[in-house]
Amino acid sequence: MSLLNQTHNPDLTSWVASANVAECDFPIQNLPFAIFRRAGSAEAFRGGVAIGDKVLDLAALAALNLFAENLQPALRACSQSQLNDFMAMPQATWSALRLALSQALATGSALQSSIEATLIAQADIEFDLPCKIGDYTDFYTSIHHATTIGSFFRPDNPLLPNYKWLPIGYHGRSSSITISGTDFHRPVGQTKAATADEPTLGPCKRLDYEMEVGIYIGAGNEMGSPINIEQTDQYVFGMCLFNDWSARDIQGWEYQPLGPFLAKNFASTVSPWIITNEALAPFRQAWQRQKSDPQPLAYLSGQQNSTLGSYDIQLEVSLQTANMRSAQIEGQKITRTSFKHSYWSVAQMVAHHTVNGCNLQAGDFFGSGTQSGPSLDQVGSMMELTSAGKTSFTLENGESRTFLEDGDAIIMSGFCVAEGATRIGFGSVKATILPAKT
Ligand code: MN
């Protein structure tokens, strides 16, 4: 079954001219959601949709009463300072609003003159988190990442026996998930050198990034009622870029036997725009499991998952050192991969998370786990890039890195391209490491 509809038509153009420029992240086929206000103002945060280099103010649009009566509740929900109420609405409502926005912003729309005044330049706005994130779950779905990391600890047996049978995950912390641009202090924690008798408390020495895809849950499920893998599209609202910063030295000492704790919960950064699941439809692909690997159990297997379970999202990581910033250099690309290499699909994460009856709620958030492709230039962390800190890499300006230093910023960007579809982008996520507070 095709998930494509008229909103994906590559021939569509917008009367917002900047949306029609090639390589634009936000053409009319994208229409992602964020929470924003004019930068530095005391305005209320409210929902917005990106179009070209502008944002369509959904609170202003709701006040104009231009859309059909049945769409007004959705627009009013988008006028609030968090998108949870809109995300909790049925998939059919998300889709109906997307269609109305597409028609209103399309070249030739009779609504152009009414809507023009509700557009604000993206250069003039600031963002807040798009929703109240209730619970955050971090998965571990890249087999290339899991194999490389596992090989540092267990060279003969890098993958544990459960890896190919279920999407591994743990419960993270949502209070320290922040919006792009929120800088943070290097974490302090307890570490123990292999040669030392006792641990010490001090600034993290092995600070790393993790290139992940963030997945926002919309409509939730009743506790006790698992979500069928064939119906997960009714629950997945959209995706973003996600940097799940990690303190590798703190993790190494603390993680046994219960798993990650303070090494992971000091900061995680999301990109501002939620690219809706519907906008991603043209970039979905067949999800396949190698014949030589165990085939998933029935609850992790389905027709829709097999034909359209994988998302080809290009993911890029750039490093900007303090010296580069002084020299007004944007940053240097260090790796690039695609979400299509993920061993487990989004649908499988949702089905597995709820198979025990766990209830997901609107605004819940999944991290995909660090996304790494099969080769060294496709890794999603410095831990992999430097073989757990054994090597370093040299940047074009002569500086070198093993792990991240104070003043370093990590910038992640993402986009999707496919034959017969208009390119869409994710924008970017950036944050800078400040010195530890000691
Ligand atoms: Mn993570």
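Caption draft 1: How the structure looks around the layout of surface pockets. Taken as a whole, the largest pocket encloses approximately 980 Å³ of empty space. Around the largest pocket, the lining comprises 37 residues; the ones closest to its centre are Y140, I149, F153, Q251 and Y255. If one sorts the elements of the lining of the largest pocket by residue count, helix 6 (residues 143–153) sits on top with six residues. Of the residues that constitute the lining of the largest pocket, the class distribution is 18 nonpolar, 10 polar and nine charged.

Caption draft 2: Region of the structure containing the coordination of the manganese ion. Every protein donor of the manganese ion is accounted for by D138 (OD), E210 (OE), E212 (OE) and D244 (OD), and the metal-donor separations fall at 2.1 to 2.3 Å. Between consecutive donors of the manganese ion, the numbers of intervening residues give the motif D-x71-E-x1-E-x31-D. Placement of E212 in strand 13 (residues 211–217) and of D244 in the loop between strand 14 (236–243) and strand 15 (246–247) is noted, with a sequence separation of 32 residues between them. For the residue pair E212 and D244, the accessibility class agrees, reading buried in each case.

Caption draft 3: Highlighting the packing of aromatic side chains. In total, this model carries 18 aromatic pairs according to the counting rule given. Seen from their ring centres, F139 and F366 are 5.2 Å apart, and the 65° between their planes marks the pair as edge-to-face. Taken together, the residues span a long stretch of sequence, with F139 in strand 6 (residues 136–139) and F366 in strand 22 (residues 365–367) at a distance of 227 residues. Note on accessibility: F139 and F366 belong to one class, buried.

Caption draft 4: Seen up close, unusual backbone geometry. At the junction of Q256 and P257, the peptide bond is cis and its omega measures out at 5° in the coordinates. Residue position: P257 is located in the loop between helix 7 (248–254) and strand 16 (268–270). Phi is positive for L31, which is not a glycine, with a value near 55°. As for its position among the elements, L31 is in the segment before strand 1 (33–38). Not every positive phi belongs to a glycine, and Q328 is a case in point at roughly 60°. Here Q328 is to be found in the loop between helix 9 (322–326) and strand 21 (332–338). In this structure Q328 comes out as exposed when scored by relative accessible area, which is 75%.

Caption draft 5: Layout of the nonpolar core. Counting residues in each nonpolar core, the largest one holds 63 residues, and the members touching the most others are Y209, M239, W245, L280, I313, F339 and L404. Those elements that provide at least two residues to this core are strand 1, strand 13, strand 14, strand 20 (314–320), helix 10 (346–354), helix 11 (382–385), strand 25 (409–416) and strand 26 (424–434). For this core, the leading source of residues is strand 26, giving five residues. Every residue in contact with F339, bar those within four places of it in the chain, is listed here: V213, M239, Y311, I313, L315, V346, M349, S368 and Q371. With 46 residues, the next largest nonpolar core counts L58, C78, I115 and A362 among its residues.

Caption draft 6: Up close: the side chain of Q251. By the secondary structure assignment, Q251 is in helix 7. Of the residues examined, Q251 reaches a relative accessible area of 18% and is grouped as buried. Once you skip the residues sitting within four places of it in the chain, Q251 turns out to touch A263 and K264.

Caption draft 7: Structural view of empty space enclosed by the protein. The final tally for this structure, using the stated rule, is two cavities of 30 Å³ or more. Estimates place the volume of the largest cavity at around 90 Å³. For the largest cavity, the lining is made up of 13 residues, of which T232, D233, R284, Q304 and A347 are closest to its centre. In terms of residue class, the lining of the largest cavity is made up of six nonpolar, four polar and three charged. By volume, the second largest cavity amounts to about 50 Å³. Around the second largest cavity, the lining residues are W287, G309, S310, Y311, F339, K340, S342, W344, S345 and V346. Grouping the constituent residues of the lining of the second largest cavity by class yields five nonpolar, four polar and one charged.

Caption draft 8: Quick peek at the side chain of H145. As for its placement among the helices and strands, H145 is situated in helix 6. Note on H145: relative accessible area 3%, which makes it buried. Here H145 is in contact with Y140, T370, S372, S381 and E384, once residues within four sequence places are set aside.

Calculation rules
- Residues numbered from 1 in each chain as written.
- Predicted model: local features only at pLDDT ≥ 70, side-chain atom pairs only at ≥ 80, totals over all residues.
- Heavy atoms only, no water.
- 1 Å grid on protein atoms, 1.4 Å probe; cavity = no way out; pocket = protein on both sides within 12 Å on 5 of 7 lines; lining within 4 Å.
- Points joined across faces, edges and corners; volume = space filled by probe spheres on them.
- Helix = DSSP H or I, 4+ residues; strand = E, 2+ residues; numbered from the N terminus.
- Nonpolar A, V, L, I, M, F, W, Y, C, P; charged D, E, K, R; others polar.
- Donors = N, O, S within 2.8 Å, 3.2 Å for Na, K, Ca; no water.
- Buried < 20%, exposed > 50% of the residue type's maximum accessible area, 1.4 Å probe, protein only.
- Phe/Tyr/Trp six-rings, centres within 6.5 Å; stacked < 30°, edge-to-face > 60°.
- Core = buried A, V, L, I, M, F, W, Y, C linked by side-chain atoms within 4.5 Å.
- Contact = heavy atoms within 4.5 Å.

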